[in-house]
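Close look at the chain arrangement
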Amino acid sequence: MTDKLIPLREQIDAIDAQILDLLNQRAAVAQKVGHIKAETNAPVFRPEREAQVLRGVAERNPGPMGNTELQTIWREIMSACRSLEKRVTIAFLGPAGTYSEQAVYQQFGTAVDVLPCASIDEVFRATEAGTAEFGVVPVENSTEGAIGRTLDLLLHTPLTISGEVSIAVRHSLLTGTGNMDGITAICAHAQALAQCQIWLNNNYPEIERRAVSSNAEAARMARDDHGIAAIAGERAGVRYSLGTVKANIQDDPHNRTRFAVIGHLQPGPSGEDRTSLALAAPHKAGSIYRLLGSLAQHNVSMTRFESRPARTGTWEYYFYVDVEGHIENEAVAKALDELQGNAAFFKVLGSYPVSLT
Ligand SMILES: C=C(O[C@@H]1C=C(C(=O)O)C=C[C@H]1O)C(=O)O
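No experiment lies behind these values; they were computed from the predicted model shown.

The next subject is the overall build of the protein chain. If you tally the helices and strands in the protein chain, you get 12 helices and 15 strands. Taking the principal axes of its C-alpha atoms as reference, the protein chain extends roughly 80 × 60 × 35 Å. Relative to its full complement of 357 residues, the protein chain shows a buried share of 47%. Excluding contacts between residues fewer than 6 apart, the proportion of contacts in the protein chain whose partners are at least 24 apart in sequence is 76%. Of the accessible surface of the protein chain, which amounts to about 17900 Å², a share of 53% is contributed by carbon and sulfur atoms.

Taken together, the side chains of Ile-15, Ile-19 and Leu-23 present a nonpolar region at the surface, about 240 Å² in accessible area. Along the chain, Ile-15 falls in helix H1 (residues 2-40). On the basis of relative accessibility, which here comes to 44%, the residue Ile-15 falls in the partly exposed class.

Here the focus is the state of the cysteines. The final tally for this structure, using the stated rule, is zero disulfides. Counting only cysteine sulfurs, Cys-196 is the nearest neighbor of Cys-187, a cysteine outside any disulfide, at a range of 13 Å. Judged by its relative accessible area of 0%, Cys-187 is buried.

Here the focus is helix H12 (residues 330-342). Side chains three or four residues apart in an α-helix point the same way, a direct result of the helix having 3.6 residues per turn. With 13 residues, H12 should reach 18 Å at 1.5 Å per residue; the first-to-last C-alpha distance of 19 Å fits that figure. Taken together, the buried positions of H12 are occupied by Val-332, Ala-335, Leu-336 and Leu-339. For H12, the angular spread of the buried residues around the axis is 95°, confining them to a single face. Facing away from the buried side of H12 by more than 90 degrees, the exposed set consists of Glu-330, Asp-337 and Gly-341.

Right, let's get into the packing of aromatic side chains. As enumerated under the stated definition, the model contains six aromatic pairs in all. Between Trp-199 and Tyr-204, the aromatic rings sit 5.9 Å apart at their centres with planes inclined by 55°, giving tilted as the arrangement. The pair formed by Trp-199 and Tyr-204 is uniform in burial state, with each residue classed as buried. Among the aromatic residues, those joined into a cluster by ring pairs are Phe-45, Phe-108 and Phe-134.

Time to look at the packing of helix H3 (residues 67-85) against helix H4 (residues 99-108). Contact geometry of H3 with H4 gives a least axis separation of 8 Å together with a crossing angle of 80°. Judged by the inter-axis angle, H3 sits roughly perpendicular to H4. Taking contact as the criterion, the partners of Arg-75, Ser-79 and Arg-82 in H3 are, on H4, Tyr-105, Gln-106, Gln-107 and Phe-108.

Turning next to the pattern of salt bridges. One pass over the structure, following the stated rule, counts 21 salt bridges. Measuring nitrogen to oxygen at the nearest pair gives 3.6 Å for the salt bridge that ties Arg-235 to Glu-101. Taken together, the residues Arg-235 in helix H10 (residues 234-239) and Glu-101 in helix H4 connect sequence positions 134 residues apart.

If you walk across this open sheet you meet the four strands as S13-S14-S12-S15, and the pairing is antiparallel. Here the strands that pair on one side only, and so sit at the sheet edges, are strand S13 (302-309) and strand S15 (345-353). Between one strand axis and the next, the sheet turns by 15° as a mean value, whatever way the strands run. Judged from the seven bridges that link them, S13 and strand S14 (residues 317-324) form a sheet pairing that is antiparallel. If you follow Pro-309 over to S14, its bridge partner there is Tyr-317.

Let us now look at the site of the ligand. All residues in the neighbourhood of the ligand are listed as Arg-26, Val-33, Lys-37, Val-44, Phe-45, Arg-46, Arg-49, Glu-50, Met-78, Cys-81, Arg-82 and Glu-85. At 2.7 Å, a side-chain N or O of Lys-37 approaches an oxygen atom of the ligand. Residue Arg-46 places a main-chain N or O atom 2.9 Å away from an oxygen atom belonging to the ligand. Computed on the free molecule, the ligand has an accessible area of 360 Å², of which 90% lies beneath the protein chains in the complex. For the shell around the ligand, the leading source of residues is H3, giving four residues.

Time to look at the environment of Gly-163. Residue position: Gly-163 is located in strand S5 (residues 160-168). Placed 116 residues apart in sequence, Gly-163 and Leu-279 show a C-alpha to C-alpha distance of 20 Å. Among all residues touching Gly-163, those that are not within four sequence positions of it are Gln-107, Phe-259, Ala-260, Val-261 and Tyr-352.

Criteria and thresholds
Residues numbered from 1 in each chain as written. Predicted model: local features only at pLDDT ≥ 70, side-chain atom pairs only at ≥ 80, totals over all residues. Heavy atoms only, no water. Helix = DSSP H or I, 4+ residues; strand = E, 2+ residues; numbered from the N terminus. Buried < 20%, exposed > 50% of the residue type's maximum accessible area, 1.4 Å probe, protein only. Contact = heavy atoms within 4.5 Å. Areas by Shrake-Rupley, 256 points an atom, 1.4 Å probe, with all protein chains shown as cover. Patch = residues over 30% accessible without salt bridge, like charges linked within 9 Å, V, L, I, M, F, W, Y side chains within 5 Å. Salt bridge = Lys/Arg side-chain N within 4 Å of Asp/Glu carboxyl O. Disulfide = S-S within 2.5 Å. Expected span 1.5 Å × (residues − 1). Arc of directions from axis to C-beta. Phe/Tyr/Trp six-rings, centres within 6.5 Å; stacked < 30°, edge-to-face > 60°. Axes fitted to C-alpha atoms, helices over the stretch in contact; angles between N-to-C directions. Parallel < 35°, antiparallel > 145°, perpendicular 65-115°, else oblique. Pairing = 2+ DSSP bridges. Near = heavy atom within 4 Å. Polar contact = N/O pair within 3.5 Å; in protein donor to acceptor, adjacent residues only side chain to side chain.

Following this line, the structure appears as C-alpha cells:
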C-alpha cells in the first residue's frame, strides 16, 4: 500500500517544485509592476484587474479542481504578490471574527493589515483620514434588508465604492461547554437575533435574548461567562474556543450579507461591473417615473432600488439604485447624464466589478 504511494508522492514533490518556481516568477513580475506604480504614484490595488484574473481562471479551468477552490487560491496568490508591491490596510467593523472580517479576506486575501473599528462610522472615518486605504462595510442583508447607517454615510462621504462582497451568513449557537446547561441568556447582534428568531422561538423560547454590539462580542462574552450562549459564525467560535450547540440556525438557509469596499480609488471597467447611485426625486408628479425612464430608454438594467427617509421630517426620500455596467460604458454614461438632469440630488457612489459569488 505505502509502496504504491511513493511514486505518486514523488510526482507531487516534482509538481510542487514547479509551482514554487512559477509562483516566485509571478511574484518577481508583480514586484516590477510595483516599481512602475511607485514611480507614477499609481494605486497598488486594482480590483478591476484582479476580477479579470479571477474570471479568467474560471474560464480556462479544465478541472478536476473546482472554480471556487481555484479562485480562493488565486485570491491568495494575488494578495501575496500585491503585498510585495505594498501592504494595504483595511478597516472593517470589528472585532476580529465578524463577517465583516471574513468579507475583508474574501476581497483582499489574507496578506493585508486589518484595522478593526468599533462602528460603521469609524470605518468611514479611518478610510477618509487615510489610516486605512480601504474600508469594508455591510450594505444589506437578504433577510433583514438595508443597513441604514451605511446608506446614510455613503450620501456625503468623499469615498467611493470600489468593490462588493457577498457572504453566506451561517449562524451557530455557541457556548463555552458546547451544551446549554446553566445558560440564562443568548447574546448576539440584533440582526443575528432577528435572523434566527423562528428557530429560537421553537427551541429556546424561555431563555432571555440580549442584543450586544456584535456577534463576535457575544462570542467573547460566552467564553468568559458560561451562563451566556452566543449566536455567531463558526469563525468566531474557533477564535473564542467555543463549542457548537447547533450549527446553521438561521431561519433563511440562503441568508447572505452584501458588503461594500469603500476607498479613494475609482476602478476602471472590468467587463462585468455595477454602478451604485444615490438619488432624490423633486416634488413633482411622475418624477420617479421620469428618473427611472432614463435608464429604460438607454437599456440600462436596474438590479436594486431601495428607499430611505431623508430625515428632514417632510416625507422626503433618498433612493439607492444599482445598475448594470460601468460609468464609462456609453449607455450608462448617457442614461446617468439624463437622469442627473431630472434629479433633485444625484451622486454616483461608485462603479466596481460585480462580485464572484
Ligand atoms: C500585479 C499587479 O498589482 C496587483 C496584483 C495583481 C496580481 O497579482 O495579479 C493584480 C492587480 C493588482 O491589485 C497589477 O496591477 O497588475
